[in-house]
Amino acid sequence: MLNSLPKEVKISVTRSISSAFEKYMELIQWDERKYAMEQFLAYWRTYAEENASWFRQLDDEVKRDPRFHEELAEKINDVIEKILNEPPTEQEVQTLNELIEQLGVEDPDYTCKMEVKYHIRRLTE
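For clarity, every value in this text was computed on a predicted model and none was experimentally measured.

Caption draft 1: Main features of the overall build of the protein. Helix and strand counts for the protein come out as 7 helices and 0 strands. Each helix (α) and strand (β) of the protein, taken in turn from the N terminus, gives the series α-α-α-α-α-α-α. Overall, the protein is about 55 × 25 × 20 Å in size when its C-alpha atoms are taken along their principal axes. Long-range contacts, defined here as pairs at least 24 residues apart, represent 60% of the contacts in the protein between residues at least 6 apart. Here the protein has roughly 8300 Å² of accessible surface; of this, 47% comes from carbon and sulfur atoms. When the 17 positive and 27 negative side-chain charges of the protein are each reduced to one mean point, those points stand 6 Å apart.

Caption draft 2: Examining the layout of surface pockets more closely. Taken as a whole, the largest pocket spans an internal volume of roughly 260 Å³. Taken together, 14 residues make up the lining of the largest pocket; nearest its centre are Trp-30, Pro-108, Asp-109, Glu-115 and His-119. Split by residue class, the lining of the largest pocket holds 3 nonpolar, 3 polar and 8 charged.

Caption draft 3: Spatial organisation of the environment of Met-37. Structurally, Met-37 can be placed in helix 2 (residues 37-51). Under the relative-accessibility criterion, Met-37 is labelled partly exposed at 24%. Met-37 sits 83 residues away from Ile-120 along the chain, and the two C-alpha atoms are 25 Å apart.

Caption draft 4: Up close: the nonpolar core. In this structure, Phe-21, Phe-40, Trp-44, Trp-54 and Phe-68 are the most contacted members of the largest nonpolar core, which totals 30 residues. Those elements giving two or more residues to this core turn out to be helix 1 (7-27), helix 2, helix 3 (53-57), helix 5 (66-85) and helix 7 (113-124). Ranked by residues supplied to this core, first place goes to helix 1 with 7 residues. The contacts of Phe-68, once residues within four sequence positions are left out, are Met-1, Leu-2, Leu-5, Trp-54, Leu-58, Val-62 and Lys-63. In this structure, Leu-96, Val-116, Ile-120 and Leu-123 belong to the second largest nonpolar core, which totals 6 residues.

Caption draft 5: Inspection of the packing of helix 2 against helix 5 at higher detail. One way to put it is that helix 2 packs onto helix 5 with a least axis distance of 13 Å and a crossing angle of 105°. Judged by the inter-axis angle, helix 2 sits roughly perpendicular to helix 5. Along its contact with helix 2, which presents Met-37, Phe-40, Leu-41, Trp-44 and Arg-45, the element helix 5 presents His-69, Leu-72, Ile-76, Asn-77 and Ile-80. The residue makeup of the contact of helix 2 with helix 5, split by class, is 7 nonpolar, 2 polar and 1 charged.

Caption draft 6: Layout of the pattern of salt bridges. In this structure the tally under the stated criterion is 7 salt bridges. When the shortest N-O distance is used, the salt bridge between Lys-63 and Asp-60 registers 3.9 Å. Linking Lys-63 with Asp-60, this pair stays in helix 4 (residues 60-64), spanning 3 residues, or about one helical turn. The exposure class of Asp-60 is partly exposed, given its relative accessible area of 49%. The salt bridge partner of Glu-92 is Lys-113, with a shortest N-O separation of 3.2 Å. Taken together, the positions of Glu-92 in helix 6 (residues 90-103) and Lys-113 in helix 7 put the pair 21 residues apart, joining distant regions of the chain. On the basis of relative accessible area, Glu-92 is assigned to the buried category, the value being 12%. Since its relative accessible area comes to 17%, Lys-113 is described here as buried. Each of Glu-22, Glu-26 and Arg-121 takes part in a single network of salt bridges with overlapping partners.

Parameters and conventions
- Residues numbered from 1 in each chain as written.
- Predicted model: local features only at pLDDT ≥ 70, side-chain atom pairs only at ≥ 80, totals over all residues.
- Heavy atoms only, no water.
- Helix = DSSP H or I, 4+ residues; strand = E, 2+ residues; numbered from the N terminus.
- Contact = heavy atoms within 4.5 Å.
- Areas by Shrake-Rupley, 256 points an atom, 1.4 Å probe, with all protein chains shown as cover.
- Lys, Arg positive; Asp, Glu negative; His and termini not counted.
- Charge placed at Lys NZ, Arg CZ, Asp CG, Glu CD.
- 1 Å grid on protein atoms, 1.4 Å probe; cavity = no way out; pocket = protein on both sides within 12 Å on 5 of 7 lines; lining within 4 Å.
- Points joined across faces, edges and corners; volume = space filled by probe spheres on them.
- Nonpolar A, V, L, I, M, F, W, Y, C, P; charged D, E, K, R; others polar.
- Buried < 20%, exposed > 50% of the residue type's maximum accessible area, 1.4 Å probe, protein only.
- Core = buried A, V, L, I, M, F, W, Y, C linked by side-chain atoms within 4.5 Å.
- Axes fitted to C-alpha atoms, helices over the stretch in contact; angles between N-to-C directions.
- Parallel < 35°, antiparallel > 145°, perpendicular 65-115°, else oblique.
- Salt bridge = Lys/Arg side-chain N within 4 Å of Asp/Glu carboxyl O.

Here you go:
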């Protein structure tokens, strides 16, 4: 069902998942102990309803279809897995290390590119 949507809509779905995940993780300051899938899903649903044009384009019948929700859950898991497995670039790690040294702060743990970017933004503010 999700795969039968137009390419632009599928791309928009992926972007909304990624954007919502990034914003949610920033809200919890990338603290994995605070992460709760149910909370993220609620956050993403609100994000999609309020900000994603693809959500308004879908028929209500599609939105209610259990198969659509199953495929969407699979897509969410795939997108999150891809995000968490994307390593930061050498330049991003170097930038983070320079900020840590300049500011004399503790070296934060990180697991992926998105998290490194979060720490860079946080430390430059």
